[in-house]
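Structure at a glance
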Amino acid sequence: EAMENKAASEEERKRLREEAERIKSEGMRGAEAADHEMTIYVEKVVELERELEKHKERVEQENYNLKIAEALAKVEREKAERLRLEGEERRKQMELELLKEKNMGKERVSGKGGGWAVSSRITSTPQPVAPPPAPAPAPAPAPAPAPAPALDPAPVIPPYPAPLPPTSEQLIPASAHPDYAKVLKLQSLGVPRAQLLKKLEAFGGLDARALDDENFLVPR
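In this text the structure is predicted, and so the values were computed from the model without any measurement. (Residues numbered from 1 in each chain as written. Predicted model: local features only at pLDDT ≥ 70, side-chain atom pairs only at ≥ 80, totals over all residues. Heavy atoms only, no water.)

For the protein chain, the helix and strand inventory stands at 3 helices and 2 strands. Each helix (α) and strand (β) of the protein chain, taken in turn from the N terminus, gives the series α-β-α-α-β. Of all 220 residues assigned to the protein chain, the portion counted as buried reaches 8%. Long-range pairs, those at least 24 residues apart, make up 62% of the contacts in the protein chain with a sequence separation of at least 6. Entry remark: accessible area of the protein chain is about 19,600 Å², with carbon and sulfur atoms responsible for 61%. (Helix = DSSP H or I, 4+ residues; strand = E, 2+ residues; numbered from the N terminus. Buried < 20%, exposed > 50% of the residue type's maximum accessible area, 1.4 Å probe, protein only. Contact = heavy atoms within 4.5 Å. Areas by Shrake-Rupley, 256 points an atom, 1.4 Å probe, with all protein chains shown as cover.)

With that settled, consider the pattern of salt bridges. All told, the structure shown has 10 salt bridges when counted by the stated rule. Ionic pairing is found between E12 and R15, a salt bridge with its closest N-O pair at 2.3 Å. In this pair, E12 and R15 both sit in helix α1 (residues 2-124), 3 residues apart, roughly one turn of the helix. Its relative accessible area of 34% is what places E12 among the partly exposed residues. (Salt bridge = Lys/Arg side-chain N within 4 Å of Asp/Glu carboxyl O.)

Okay, a negative patch on the surface next. Judged by side-chain charge, E49, E53, E57 and E60 come together as a negatively charged surface patch. Tracing the sequence through the fold places E53 in helix α1. The exposure class assigned to E53 is partly exposed, which follows from its relative accessible area of 43%. (Patch = residues over 30% accessible without salt bridge, like charges linked within 9 Å, V, L, I, M, F, W, Y side chains within 5 Å. Lys, Arg positive; Asp, Glu negative; His and termini not counted. Charge placed at Lys NZ, Arg CZ, Asp CG, Glu CD.)

What follows is about helix α2 (residues 178-188). Looking only at α2, the buried set comprises Y180, V183, L184 and L186. An end-on view of α2 places all buried positions within 155° of arc, on one side of the element. Those residues of α2 that are exposed and angled more than 90 degrees off the buried face are P178 and S188. Downstream of α2 by one or two residues, G190 has phi in the positive range, about 90°. (Arc of directions from axis to C-beta.)

One finds A174, Y180, L196 and L200 to be the most contacted residues of the largest nonpolar core, which totals 14 residues. Sorting the residues of this core by element identifies α2 and α3 (193-202) as the ones contributing at least two each. The element contributing the most residues to this core is α2, with 4 residues. If we ignore the near neighbours within four places in the chain, the residues touching A174 are Y180, A181, L184, A210, E214, N215, F216 and V218. (Core = buried A, V, L, I, M, F, W, Y, C linked by side-chain atoms within 4.5 Å.)

Another point: the confidence of the model for the protein chain. Averaged over every residue, the pLDDT of the protein chain is 77; the share at 70 or more is 70%. Low confidence marks residues 113-126, where pLDDT is under 50. Its contacts with residues over four positions away, or in another chain, come to 0 contacts. (pLDDT = per-residue confidence, 0-100.)

Looking now at the side chain of H177. Note that H177 resides in the loop between β1 (171-173) and α2. Given a relative accessible area of 10%, H177 falls into the buried group. Excluding anything up to four places from it in sequence, H177 contacts I172, V218, P219 and R220.

Here we take up the packing of α2 against α3. Relative to each other, α2 and α3 sit at 170°, their axes nearing to 10 Å. One finds that α2 runs roughly antiparallel with respect to α3. Facing Y180, V183, L186 and Q187 of α2, the residues of α3 in contact are L196, K199 and L200. Grouping the amino acids of the contact of α2 with α3 by side-chain chemistry returns 5 nonpolar, 1 polar and 1 charged. (Axes fitted to C-alpha atoms, helices over the stretch in contact; angles between N-to-C directions. Parallel < 35°, antiparallel > 145°, perpendicular 65-115°, else oblique. Nonpolar A, V, L, I, M, F, W, Y, C, P; charged D, E, K, R; others polar.)

What follows is the structure in structure tokens.
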């Protein structure tokens, strides 16, 4: 009986040792699983932090690009406004010059018309008609004139030579001519063609073909 009790006790201790080993093994496996899950969690957290940093950098870059674009747009708007004001100022100056020239032309025309009106009034004034004179007695017949001496024939004067056309050294582009340059500048500012033609006429009948080609060759 003692032997049986001893054997039972040995079996019980063996069973308890096996149970302890099993529990220990399971605990180790659980710890390993927990460590593995923690490692995966930490890696995910690190990856999310990296993504967040990249997102912050992209946002900062986009904000910087947006500020640069706004600054450039502001500069362009200011430049366009400055050019618009300069164009308005030039247009007003050109209009004043054209108005002055128009007024001067009217004054010249009115002065010529006034002189013609005065002369017409003077010439249209009726003059007193004198009575016709009495017929004079017929004069005695004059003696026959002596024959005139023979004269040398008049020397033949050669015709005046026609002016030669200008050579290439005497021609320059219309844009380099001072008078043409003024008219071309008015054309670039949008002045109507009719006024440009009048301007060419006022400068002494300049060639209107220069309005279509600023490199058109004209005399110096």
